[in-house]
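# Structural overview
One letter stands for each residue in the lines below.
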Amino acid sequence: QVQLVESGGGLVQPGGSLRLSCAASGSIFHIVAMGWYRQAPGQQRELVASVNAGGGTNYADSVQGRFTVSRDNAKNTVYLQMNSLKPEDTAVYYCNTRAYESRSKWDDYWGQGTQVTVSA
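Residues numbered from 1 in each chain as written. Predicted model: local features only at pLDDT ≥ 70, side-chain atom pairs only at ≥ 80, totals over all residues. Heavy atoms only, no water.

## Observations concerning the environment of V69
Secondary-structure assignment places V69 in strand β7 (residues 67-72). Separated by 36 residues in sequence, V69 and K105 place their C-alpha atoms 26 Å apart. Beyond its immediate sequence surroundings of up to four residues, V69 is in contact with W36, A49, S50, V51, T57, Y59, V78, Y79 and L80. (Helix = DSSP H or I, 4+ residues; strand = E, 2+ residues; numbered from the N terminus. Contact = heavy atoms within 4.5 Å.)

## Description of the packing of aromatic side chains
The final tally for this structure, using the stated rule, is 1 aromatic pair. Taking the ring centre of Y79 as reference, the NZ or CZ of R19 above it sits at 4.1 Å. When the ring centre of W110 is taken as reference, the NZ or CZ atom of R45 above it lies at 4.7 Å. (Phe/Tyr/Trp six-rings, centres within 6.5 Å; stacked < 30°, edge-to-face > 60°. Lys NZ or Arg CZ within 6 Å of the ring centre and 35° of its normal.)

## Re the pairing of strand β3 (residues 18-26)
Across 6 bridges, the pairing between strand β1 (residues 2-7) and β3 is antiparallel. Residue S7 lies in a different strand from β3, and its bridge partner there is S21. Summarising the sheet, β3 and strand β8 (residues 77-82) pair through 6 bridges and their orientation is antiparallel. Bridge pairing links L20 to L80 in β8. (Pairing = 2+ DSSP bridges.)

The values are spatial; any link to function lies outside them.
Set out below in C-alpha cells:
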C-alpha cells in the first residue's frame, strides 16, 4: 500500500498564494506520476496539475500561468505552488499518485484532501 499525506491548505484572500505539499510513503517500487485534483461543492473532481517521472507537467487551462507543480523524487513528494488565487479556486484539493508496489503491481492512490478557500 501507498499512503499520501497532504499539507498546506487554508484560507487566503484573492490574489494571495498558498503552497500544497504531498508526501508518499509505504510500499513504493516506482512512482509514475504525481499530481493534484480538486473538487468544489456540487462539481466533479478535476485535474489541476500533474508531473511525471521525467519532470513533464500538465495543467488545467484555468490554472495555467498561476500554479506550478513540482516534484522531489528523492522524497517522493509533490508540491503545488498556487499564486494569484481566485475565489473560483476554492475547493478540496486531493493529491494523487500512480505508483508501482512491485514490477507488476500498480494502482492509483489518493490523499485525504485539503481545503483551500479563497475569500475576502
